[in-house]
Amino acid sequence: MYFDVIAKVVSERIGCDISTIKRESKFSELGIDSLDTVDLLMELEDEIGIEIELDEKVETIDELDKFIQKKKG
């Protein structure tokens, strides 16, 4: 549901083509570390319009998408 927004933000953040971002893409494989994750989440909050507080580990784009869906209700 939020995959497109996440993929857009991630591709802009790391400077790659959005088509290379897949649901199964791991943040670590994309070169996104914990500091980048904080910035990424802040950008996503602005794009989506909700506060995202990670209280569980997410390793892939799909896991983050599902986490946001669960939090948004």
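What you see is a predicted model, and the numbers here were worked out from it, not measured in a lab.

1. As for the nonpolar core
In this structure, Ile6, Val10, Phe27, Leu44, Ile61, Leu64 and Ile68 are the most contacted members of the largest nonpolar core, which totals 21 residues. If you list the elements that add at least two residues to this core, you get helix H1 (3-14), helix H2 (34-48) and helix H3 (61-72). At 5 residues, H1 tops the list of elements feeding residues into this core. Leave out the neighbours within four places in its chain, and isoleucine 61 touches Phe3, Ile6, Val10, Ile21, Lys22, Arg23, Ser25, Phe27 and Leu30.

2. Here's the deal with the environment of leucine 64
Here leucine 64 lies in helix H3. You can call leucine 64 buried: its relative accessible area is 1%. Considering only alpha carbons, one finds leucine 64 and methionine 1, 63 residues apart in sequence, at a separation of 11 Å.

3. Let's talk about the confidence of the model for the protein
Counting all residues, the mean pLDDT for the protein is 93, and 100% of those residues have values of 70 or more. Between the elements of the protein, mean pLDDT differs from a low of 91, seen in H2, to a high of 95, seen in H1.

4. Some details on the pattern of salt bridges
This structure, assessed with the given rule, holds 11 salt bridges. With a shortest N-O distance of 3.0 Å, aspartate 65 and arginine 23 are connected by a salt bridge. Remark: arginine 23 occurs in the loop between H1 and H2 and aspartate 65 occurs in helix H3; sequence separation between them is 42 residues. By relative accessible area, aspartate 65 is classed as buried at 1%. The salt bridge involving lysine 57 is made with glutamate 59; its shortest N-O contact spans 3.9 Å. Counted as one network, the salt bridges with shared partners bring together Arg13, Asp36, Asp39 and Glu43.

Conventions and cut-offs
Residues numbered from 1 in each chain as written. Predicted model: local features only at pLDDT ≥ 70, side-chain atom pairs only at ≥ 80, totals over all residues. Heavy atoms only, no water. Core = buried A, V, L, I, M, F, W, Y, C linked by side-chain atoms within 4.5 Å. Buried < 20%, exposed > 50% of the residue type's maximum accessible area, 1.4 Å probe, protein only. Helix = DSSP H or I, 4+ residues; strand = E, 2+ residues; numbered from the N terminus. Contact = heavy atoms within 4.5 Å. pLDDT = per-residue confidence, 0-100. Salt bridge = Lys/Arg side-chain N within 4 Å of Asp/Glu carboxyl O.

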